[in-house]
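As a plain string of letters, each chain reads:
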Amino acid sequence: MSEHHMHGQLNNSSDQHLRSTHRDDTGSTTLLFGGQPSPLQSDTTEKVAQLGQAGEACLEIGDNAEPDVVTGTKWNAVQFVAAADLRAENATDKDPDSLYAWMVIFACLISLMLSIGINDAYGVYQQHYQLTEFPNATTAIISWIGTTQFLVMCVGGTFSGFLCEHFDTRVMSAVGAIVMGVALIAGSFCKSVQMLMLTQGLLYGIGASFPFVAGTSIPTQWFTKRRGLATGIALSGSGLGGMWMTSATQSLIDSVGRPWAMRVTGIVACVAVLAISPWMRVRLVPSKSEKIIDWSLLRDVRFNLFLGAVVFAVAAYFGPFYQIPSYSVVVLHKSANWGTNMDTLMNGLSVLGRLAVGFLADFTGPLNLFIINTVLAAASLLVLWVPFDSVGTLIAVDLLFGFAIGGIVSVIPVVAAQVFGLARLPSIIGLLFIGYFIGGLLGVPPMSALLDDVGHRTDYTSSIWYMAILPVCSLLFSIAMRFLLTRNLCTRV
């Protein structure tokens, strides 16, 4: 089939190269973002609908179109990709791919380093609570403190994505910084699991949700040439934060006690996130929507498959981080510091995984790398951790799982932007946060319950099996999604 191109006319001439379409040799319709192809749907017809008085063009795929409530243009669920980006307006005169864009990336890195990095380091607190401060409390109850942190960040992230479209993201990030600091300082005075769940869990999650969602969604808007690399660098902040926060938290607990460890962490988080908030700004502002979540995405089968893959990937993420420290003490009879160092090692490898995937995503395709890393994560648990309980194999699990899971979480927003649209990424990620929430519920709580009820807090076998199944489920969903996009294994997706 002969190749043909269509270029949407954007509001700003610097964005003209963001979008074009063509058919590859397989007959798959391909959408290009910054020159990187993203197959949308094979064997479809292509139509052009005119949007707005400016005569902006968008791509309509499929024959069964429905009227769009905003423009009156007829288009179907697959076609929402184009309209959001083309109706977007520039929020700043700063150019993409510029020095300022890299400053934004650095700000996002620091933001994620402290918002999600502190949550990554919760395994140290769990080990302390479980073995020292609350020895009579069940593992499942203690794990709910860290789980509540993440779940509330997801719920808050859903709403903060909407708020970031209507209010200044710099202000939202600053507000989140203050709430994060207050939450941890308040938690330092708590003497019960229930009160820690309210402060260290609930209140911290509310505050961290704003810098978390901004740091996750902003990077893709500032780059058109090296979007995967830039996003990987920004998202490596969470791994960097988990790496140094894990060691720092253990050192603080050992030297000044758990209360002062939380106070110091709260002060550092508040000051640092406040300092970088002026650079936490969006580049594209989509047309205002009163919807908190873009539910139209759920009419697309491909997005539902992607959402399923994300749910199980997130469910698999926190289990090893939370359980390896105590596993090292209970099963391998190592010291608490040794278990903490294992978490530090895993966070360090996750940083390398994020950077590697960010670099490779621009060449091999983000969805392809999502699938590859999911295979590695599943193999590390099924092949190495399930059958063996030695120090050497646990180190191997740390290395392989840390690298793979870092790449998985780094490439999720890149897949979302590449396949489903760029300008409304905050709303898209708002819907993904619901998937993160479900994944959080499917992850650590069931693992901890299995450890309590089946393993009696000493046998981790059932819990490890459950952890190993989760990335396998994510793999099945992501393969199905890729199959719908294109059946050509050599296509860059």
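Values in this document were obtained by computation on a predicted structure and should not be read as measured data.

Participant: Just to check I follow, could you spell out the overall build of the chain for this structure?
Facilitator: Each helix and strand counted, the chain has 15 helices and 10 strands in total. Within the chain, the proportion of its 493 residues that are buried is 62%. When contacts within the chain are restricted to residue pairs at least 6 apart in sequence, long-range pairs at least 24 apart make up 76% of them. Here the chain has roughly 17,300 Å² of accessible surface; of this, 67% comes from carbon and sulfur atoms.

Participant: Looking at this structure, how should I read the side chain of Asp398?
Facilitator: Along the chain, Asp398 turns up in helix α12 (residues 391-420). In this structure, Asp398 is buried with no salt-bridge partner, the nearest side chain bearing the opposite charge being Lys334 at 13 Å. Apart from the residues lying within four places of it in its own chain, the contact partners of Asp398 are Ile324, Met342, Asp343, Leu345, Met346 and Leu349.

Participant: Looking at this model, I keep getting lost on helix α6 (residues 193-217). Mind explaining?
Facilitator: Structural remark: α-helix, 3.6 residues per turn; residues separated by three or four positions point the same way. The sharpest bend along α6 measures roughly 40° and falls at Gly205. Across the 25 residues that make up α6, a large majority, 18, are buried.

Participant: When you look at the side chain of Arg258 in this model, what are you seeing that I'm missing?
Facilitator: Considering the arrangement of structural elements, one finds Arg258 in helix α8 (residues 258-276). Judged by relative accessible area, which is 3%, Arg258 ranks as buried. At 3.0 Å, the side chain of Arg258 forms a polar contact with the backbone oxygen of Gly187.

Participant: Explain a nonpolar patch on the surface to me, please; I cannot follow it from the model alone.
Facilitator: Together, Trp244, Val256, Trp260, Val264 and Val268 make up an exposed nonpolar region whose accessible area comes to about 430 Å². For the nonpolar patch, the secondary structure elements donating two or more residues are α7 (227-256) and α8. Top contributing element to the nonpolar patch by residue count: α8, with three residues. Looking at the secondary structure, you find Val264 in helix α8.

Scoring rules and cut-offs
Residues numbered from 1 in each chain as written. Predicted model: local features only at pLDDT ≥ 70, side-chain atom pairs only at ≥ 80, totals over all residues. Heavy atoms only, no water. Helix = DSSP H or I, 4+ residues; strand = E, 2+ residues; numbered from the N terminus. Buried < 20%, exposed > 50% of the residue type's maximum accessible area, 1.4 Å probe, protein only. Contact = heavy atoms within 4.5 Å. Areas by Shrake-Rupley, 256 points an atom, 1.4 Å probe, with all protein chains shown as cover. Lys, Arg positive; Asp, Glu negative; His and termini not counted. Salt bridge = Lys/Arg side-chain N within 4 Å of Asp/Glu carboxyl O. Bend = angle between axes of the 7 residues up to and from the residue. Polar contact = N/O pair within 3.5 Å; in protein donor to acceptor, adjacent residues only side chain to side chain. Patch = residues over 30% accessible without salt bridge, like charges linked within 9 Å, V, L, I, M, F, W, Y side chains within 5 Å.

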